[in-house]
Structures are given as structure tokens and as C-alpha cells.
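So you can see what is in the structure, the chains are spelled out below.
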Amino acid sequence: MSAPAGKKIAVLDFGGQYAHLIASRVRRLGAYTEIVSPADLDRDTARREYAGLIYSGGPASVYEPGAPHSRPELLECEVPILGICYGHQLIMLQAGGAVEAAEGREYGPARLKLSAGVGVFAGEDLERHPVVWMSHGDEVARLPAGFSAVASTEDCRYAAVADPERRIYGIQFHPEVKDSERGDEYLKNFIAICGLSGSWNLDDFLEAETARIRAQVGDSKVFLLISGGVDSTVAFALLARCLPHDHLLGLFVDTGFMRENEGVEVERALRELGVRLITADASDQYFARLAGVYDPEEKRKRIGELFLEVQAQETAKLGLNDADWRLGQGTIYPDTIESGATKHSHRIKTHHNRVPAIEALIAAGKVVEPLRDLYKDEVRRLGRLLGLPSEIVERHPFPGPGLAVRLLCLEKPLADTPDSVAMQNALERGEIAGDADAARIQDALARAHLGFRVLPLLSVGVQGDQRSYARCGALFAEDLTRIDWDFYFDIARRIPNRYRLLNRTLLNVARKSSGPLAALEIVARTPVDLSPARTALLRRADHIVHTFQREAGIYDEIWQFPTVLAPAGLAGSDGESIILRPIISIDAMTASVYRMRPEQLNELAPRLLALDGVDLVFYDLTSKPPGTIEWE
Ligand code: XMP
């Protein structure tokens, strides 16, 4: 897919997940985008090919040796330029300003104070102070000649700058994430400045992608692996539109990590599409392959590889000739980006669709991924365009490896370090001599009568585009029925900002212990792996949560609701913890936590606590960033 010269915007990829998110967001707002490697773009090409340039965010520091830079001459290309976060800082540096490390790193929401409604802020109400999403450790310290400040936040003097004459704009926050309230408006204004308003849409994508798939597949046939989620279903429907009936075959592999009744429901839904589908029950093979495996990356790798083996077994059984067949996958953009597929992005985790064996097939041109350039919200809209019913396209996303990535495993208790012991002493016992930030946190905990424990668990997070694998902390209240979300979210944000060894904060919402908080002791269960018994327990819990959302009428308010089984329980018992992770998102790149009504939570939590083997129930209070949506 492409657009003619002068009808598209180049997004210069300085790494991180944000380059692609910007590109997709701008497309959705009506202008075609192309991802471009910064060093490759010269001034003449920029002027000839593009109507605008966007410099993306990225994980490096602009002044660090080896940090990716674009050519300074680009600033003279005479097409409008928008710099975002890292891109903004690079423009400031190249234009003659100064960038330095900020006093405190800034992650999460901030209020934007505009001083002028011009450029990308044209028509904005100066009194509004919208929320914007920040994620940076450096900041602009001095503006170059020609630029003036147009917005600030409490912690950032140059949150937005402009040189109206050259039509160069810089913003420190991320307009492309949905948590930036007016982000779409700012991007739309930039598109208008480029003269591309309303020049591209998803119908065009569908036509172009249909032609591309037909050209790629030719006379061969496609064998699609189906996980049961929205992505593979839409991919299947799209392939069904592109290929003759007998050139497409779906394989639904039951890995044993499906949700309750999922296998049956998926089969029914797909057969209704009128496509050919076979089912393979491979759960015994999966459990055998995953016994004694604790590392999350190793789990994903084995699941991905076994998926291919099962496919090979089934292909052999069906007598399909390998040379004629290609492998279809419902991979979408975030999966590709988060496996570090772009040049500068750091690897956050390997997606199961991107394990080495699959990479080899991709390199050989044997894999068809019709949704690989789309984000979740685009996949849903495409599904509707293809005529799929809304119960299918609106289904919450469910990861390919299924419940396996929601069953945390642990081989042995985590080792303490001097830093982790100091953090624990500060947060659990208030030993905070001479530390003003920690004192403020302690004070807030004490005033709200909250206890705090650092849990003996690790989970994945993403802090400033960097993968983090850190511990989580939990708030414990005496009175579990009183829920003050504003307070909890505020403290949940402050704790990981202050203690970098933590990337999540949870709220305990039920526990099988009636003693005083001071006596509460939480220990790791080890060793625990992906056993059929634990999987059955999580499946039960997940089903309770799923049914509850439907009963309470909140399913459509929630974007995704992972329910996690984690090997931490009360001392003297052998139970574990259930963690509830309901989030709101548009594209999975960022997420905020869903606020369940207290009376609903007070109904749901006891149902989970009633399960045999569950000691504690938690609610995850962490936005993305700093936590990821899934726990590993
Ligand atoms: P994270 O946890 O990275 O998740 O914030 C972003 C989105 O991706 C889904 N996810 C996966 N999907 N295979 C998948 O098919 C995976 O290994 C995987 N890991 C995360 C997650 O459910 C969320 O929607």
C-alpha cells in the first residue's frame, strides 16, 4: 500500500513503540503514513515525497553517543515538521537549543497549560488544561532561535514549542496515546497544516491489502492458525475474501490454555463464516512441554514452537503438500513492535508469533500476515467492514498463548538485595530517615490506614520504552469494603515513580485472613509451574470474572480483563493469589485501569476467594506504562 508523492506523511522512527503508534493514529485520522529510517532520509527526498514529517519518540537520549539522529538539513526541507518527545528534543538540539537530563523522570498524566492556540493547537481553549501523557527523562533546557514556547506542564517548561515561520512544531508529551485527551485534535491539526485532511481511510486499506495478499499468495494455499481471538478471526475473514474457498484452511489448536467453553464457541463462530476448519486437541503435548518451565520468555518460546509442530503434525495427517501451503497468522502491529521488529525499538517481549522458527518462515516468504500493519481498533473496524457480527469483533482481546501467560510460575523465592531490603523496610515499616518523597508516601498510607507489602513476585512493565521486570507492591486496608479510587490511583502512581524496583501497585480486595494487618505475612509458593491443576483453577476464576462482567453489564465498558494466578499466598497455607486486571485501552499500546463500582467489586471478590486454593484477591492499579497489560 502506498500513496503518491506529496500525499503522505513520513514518521521518522527513533525507536520505541511510539513511531508505529503515531503512524497508525495519523492514518486513522485520515492521512497516509510511512515509517522511515531517520538516517536514510535526505532533504530533497523529504521535499519531493512527503507533505509532512513527524519525528517519533524513542528510548535514547539525544546527546548520548550512538543515539539515532536524522540529518540536520531536514529542518530546511520546507515541509511541516512535528517532533514528539525524543523527536522534539532532537529538533531542539539540531536547531541550536539545549537538552539535558530532567531532575525527575516524568511518566504518566500531566495537565497541559497552553499559552497560544496556534499551529497544532489551533482553536484550542486556553483555559481547558487537558490531560497529556508524558514519558521522558530528558528535557529541553534552552530554545533555539526562531522557536517560542506555546505550552507547559507543572514539571516541564517547554511541553510544546513552535517556529511558525518554518512550520516546525515540537511537543514533549505523546499526542498519539489515547490518554492524551486532545491528542487526536493536535494530530489532526498537523495533518491539516500538511494539507492532507481526509486523504486516506480503511476502505482503501482493504482494497490494497486484498490485492497485496492475492499477489503474495499467487496460486498457493493458506493454512491459518487460529487462537480464537478477534485477530485470527478477522484475518481468516479477510483471507476468505481474497482466496478461493479450497485455498484456505483453518486449524484451531486447543492448547489446554483456553477459556471455559472457548474451543466450542470459537469453532461454532468460525464455521458460520463458511470456511474450512479443523480442530486439534494438543493440550497433553503442551502440558508436557511446559512442565518445569518457569521463565516467561521460555514459556512463550515453547508455546510458539509447539504450535508449529502441531501444525506440522496436522499437515502431515491431512497429507497437505508443504510447498503449496503458506502459514497465515493474525499478527497485529503491537505484537510486531513489541518483539523489537523495528530498527531502534528495544525488545519488550517476544511475541509467540515471532519466535525463531516463525521468523525463519517469514524470511522465506512463507507467512501471510494480513493484519500486521493494523492496530486492534483498526482490526475491529476492518472486521465490521468484512461483515463479521459485533459479538465477534467486540470480544475482548485474548492473547494467543491464552491462560499460559496469566499463570505466573516461580522456581524459587526471589533473592533480596540491599536495595530491595531498604525499599521493603521503607514501605512496610516506615524506615525512611531523611527521605522526603518516601515520607510523603508513608504519610499518605498512614492517613488512609493502609498497610503495604512488597509481594514476592515479578511482572513485566514498560518504563520509558524500556522493558522492566520488577516486583510489585500491594496496598492492604483494614476495611475492604471502602474503596476510594482517586486516592488509590494517586498513590499507585507515586510509589513506582519513587521506587524503581517496583513497577506495579495492587490493591488487596479480599483475603482469607482476619487478623490485624501488622501480622499479615505473604510468602512465595515455590516451585510452581504450568500444571493442569493450576490451569484449571485459573480457568475457573477467569470464568467467574467473565460471567460476572456479563451479569453486571460492564463487559463493553472494559477493553480487556486479564485474570492472573500468582504464586504468592498467606504464610501457613498453600493457596495463591488472584489478580484482577481490568483495563481500558484503544490499541493496547497504553492502558488505564477500569474503575469497577465498589459494590460490584465487593460482590465479585468474595466469589473468587471462595475458590479452593485462593488466599488473596488483588486489583491491579497500574496503568500502562509503567506496567504492561499482561503480567508477563
Ligand atoms: P501487554 O501485556 O504487552 O499486552 O501490554 C498488549 C496486548 O497484547 C496481548 N498480548 C499477547 N497477545 N500473544 C498474543 O497473541 C502474546 O504473547 C501476547 N502478550 C500480550 C495482550 O493481551 C494485550 O492485549
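Residues numbered from 1 in each chain as written. Predicted model: local features only at pLDDT ≥ 70, side-chain atom pairs only at ≥ 80, totals over all residues. Heavy atoms only, no water.

K.L.:
Help me understand the overall build of the protein in this model?
P.N.:
Secondary structure summary: the protein contains 18 helices and 25 strands in total. The C-alpha radius of gyration computed for the protein amounts to 25 Å, which stays within 12% of the reference 26 Å derived for 632 residues, consistent with globular compactness. Residue burial in the protein is summarised as follows: out of 632 residues, 59% are buried. For the protein, the proportion of contacts with a sequence separation of at least 24, taken over those separated by at least 6, is 77%. Total accessible area on the protein is roughly 23600 Å²; 48% of this is exposed by carbon and sulfur atoms. A gap of 1 Å separates the mean positions of the 72 positive and 89 negative side-chain charges of the protein. (Helix = DSSP H or I, 4+ residues; strand = E, 2+ residues; numbered from the N terminus. Rg over C-alpha atoms; globule rule 2.2 N^0.38 Å. Buried < 20%, exposed > 50% of the residue type's maximum accessible area, 1.4 Å probe, protein only. Contact = heavy atoms within 4.5 Å. Areas by Shrake-Rupley, 256 points an atom, 1.4 Å probe, with all protein chains shown as cover. Lys, Arg positive; Asp, Glu negative; His and termini not counted. Charge placed at Lys NZ, Arg CZ, Asp CG, Glu CD.)

K.L.:
What is the right way to look at the confidence of the model for the protein in this model?
P.N.:
Interpreting fine coordinate detail is not advised for predicted regions of low pLDDT. Chain-level statistics for the protein give a pLDDT mean of 90 and a share of 95% at 70 or above. The low-confidence segment residues 339-348 (pLDDT under 50) makes 32 contacts with residues lying over four places distant or belonging to another chain. (pLDDT = per-residue confidence, 0-100.)

K.L.:
Quick question: what am I supposed to make of the sheet that holds strand β11 (residues 221-226) here?
P.N.:
Strand pairing in a sheet relies on backbone hydrogen bonds, with the paired strands running either antiparallel or parallel. Spatially, the five strands line up as an open sheet ordered β13-β12-β11-β14-β15, and their pairing is parallel. Edge positions in the sheet fall to β13 (276-281) and β15 (367-368), since each of these pairs with one other strand and no more. Pairing geometry for strand β14 (residues 325-328) and β15, over two bridges, is parallel. Bridge pairing in β15 places Gly-328 opposite Val-368. (Pairing = 2+ DSSP bridges.)

K.L.:
Sorry if this is basic, but what is going on with the side chain of Glu-378 here?
P.N.:
Relative to the helices and strands, Glu-378 resides in helix α12 (residues 376-385). Within the buried set, Glu-378 has no salt-bridge partner at all; the shortest N-O distance to an opposite charge, 4.5 Å, is to Arg-381. For Glu-378, the contacting residues outside a window of four places in its chain are Ser-24, Leu-202 and Asp-373. (Salt bridge = Lys/Arg side-chain N within 4 Å of Asp/Glu carboxyl O.)

K.L.:
What should I look at first to understand the environment of Tyr-186 in this one?
P.N.:
Looking at where Tyr-186 falls in the secondary structure, it is placed in helix α4 (residues 183-194). Since its relative accessible area comes to 2%, Tyr-186 is described here as buried. Sequence separation between Tyr-186 and Leu-374 is 188 residues; the distance between their C-alpha atoms is 22 Å. Setting aside anything within four residues of it in sequence, one finds Tyr-186 in contact with Leu-112, Val-120, Phe-121, Glu-124, Pro-130, Phe-173 and Pro-175.

K.L.:
Help me understand the pattern of salt bridges, please; the structure alone is not making it clear to me.
P.N.:
Two side chains with opposite charge may pair up if their charged atoms get near one another. Within this structure, the stated rule accounts for 38 salt bridges. Linking Arg-25 and Asp-184 is a salt bridge whose minimum nitrogen-to-oxygen distance equals 3.6 Å. Here Asp-184 lies in helix α4 and Arg-25 lies in helix α1 (residues 18-28), a separation of 159 residues in the sequence. For Arg-25, a relative accessible area of 2% translates into the label buried. For the salt bridge of Glu-603 with Arg-607, the shortest nitrogen-to-oxygen distance reads 3.1 Å. Taken together, the positions of Glu-603 and Arg-607, both in helix α18 (residues 598-609) and four residues apart, correspond to about one turn of that helix. On the basis of relative accessible area, Arg-607 is assigned to the partly exposed category, the value being 30%.

K.L.:
Before we go on, may I ask you to explain the side chain of Glu-262 in this structure?
P.N.:
Residue position: Glu-262 is located in helix α7 (residues 262-271). Although buried, Glu-262 forms no salt bridge, and the nearest oppositely charged side chain, Arg-395, lies 5.0 Å from it. At a separation of 2.9 Å, a polar atom in the side chain of Glu-262 contacts the main-chain amide nitrogen of Arg-259. Sequence-distant contacts of Glu-262, defined by excluding residues within four places in its chain, comprise Ser-227, Gly-228 and Phe-398. (Polar contact = N/O pair within 3.5 Å; in protein donor to acceptor, adjacent residues only side chain to side chain.)

K.L.:
Which parts of the structure should I look at to understand the packing of helix α15 (residues 436-447) against helix α16 (residues 485-498)?
P.N.:
Helix packing geometry: the angle between the two helix axes and the distance between the axes. Close contact between α15 and α16 brings their axes to 11 Å; oriented N to C, the two are set at 155 degrees. With respect to α16, the element α15 is oriented roughly antiparallel. Considering only the axes of α15 and α16, their crossing is left-handed. Two secondary-structure elements touch here, α15 through Asp-437, Ala-438, Arg-440, Ile-441, Ala-444 and Leu-445 and α16 through Phe-487, Ile-491, Arg-494, Ile-495 and Arg-498. The residue makeup of the contact of α15 with α16, split by class, is seven nonpolar, no polar and four charged. (Axes fitted to C-alpha atoms, helices over the stretch in contact; angles between N-to-C directions. Parallel < 35°, antiparallel > 145°, perpendicular 65-115°, else oblique. Left-handed = near helix turned anticlockwise from the far one by under 90°. Nonpolar A, V, L, I, M, F, W, Y, C, P; charged D, E, K, R; others polar.)

K.L.:
Could you clarify how one ought to interpret the packing of aromatic side chains in this entry?
P.N.:
Each pair of aromatic rings is reported with the distance of its centres and the angle of its planes. Tallied over the entire structure, the rule returns 11 aromatic pairs. The interplanar angle of 70 degrees and the centroid separation of 4.7 Å between the aromatic rings of Phe-121 and Tyr-186 together place this pair among those described as edge-to-face. Residue Phe-121 is located in the loop between β6 (113-114) and β7 (131-142), and its partner Tyr-186 is located in helix α4; the two are separated by 65 residues in the primary sequence. Relative accessible area serves as the criterion here: at 1%, Phe-121 is assigned to the buried category. Ring plane angle 85 degrees and centroid distance 6.0 Å describe the contact between Phe-223 and Trp-325, whose orientation is recorded as edge-to-face. Highlighted residues: Phe-223 in strand β11 and Trp-325 in strand β14, separated in sequence by 102 residues. (Phe/Tyr/Trp six-rings, centres within 6.5 Å; stacked < 30°, edge-to-face > 60°.)

K.L.:
Just checking my understanding: could you explain the packing of helix α5 (residues 202-217) against helix α6 (residues 230-242) for this structure?
P.N.:
Between α5 and α6, whose axes approach to 9 Å, the crossing angle comes to 70 degrees. On the basis of the axis angle, α5 is roughly perpendicular to α6. In contact with Leu-206, Glu-207, Glu-209, Thr-210, Ile-213 and Arg-214 of α5, α6 contributes Leu-238, Leu-239, Arg-241 and Cys-242. Class assignment for the residues of the contact of α5 with α6 results in five nonpolar, one polar and four charged.

K.L.:
So what exactly am I meant to see when it comes to the pairing of strand β22 (residues 576-580) here?
P.N.:
The side chains of a regular strand alternate between both faces of the sheet. The element β22 is extensively covered by neighbouring structure, given that five of its five residues are classed as buried. Alignment of strand β20 (residues 563-566) against β22, held across four bridges, turns out to be antiparallel. From the neighbouring strand, Ala-566 faces β22, where its bridge partner is Ser-577. Relative to strand β25 (residues 614-620), β22 runs parallel, the two sharing five bridges. Paired with Ile-579 across the two strands is Phe-618, which belongs to β25.

K.L.:
I keep staring at the environment of Arg-271 and nothing clicks. Help me out?
P.N.:
Here Arg-271 is to be found in helix α7. When the C-alpha atoms of Arg-271 and Ser-459 are compared, they prove to be 38 Å apart, with 188 residues separating the residues in sequence. Ignoring sequence-local partners within four residues, the contact set of Arg-271 consists of Leu-277 and Thr-279.

K.L.:
Could you clarify how one ought to interpret α6 in this entry?
P.N.:
One turn of an α-helix holds 3.6 residues; hence residues three or four places apart share an orientation. Between its first and last C-alpha atoms α6 spans 19 Å; for 13 residues at 1.5 Å apiece the expected length is 18 Å, and the two agree. For α6, every residue scored as buried is listed here: Val-230, Asp-231, Ser-232, Thr-233, Val-234, Ala-235, Phe-236, Ala-237, Leu-238, Leu-239 and Cys-242. (Expected span 1.5 Å × (residues − 1).)

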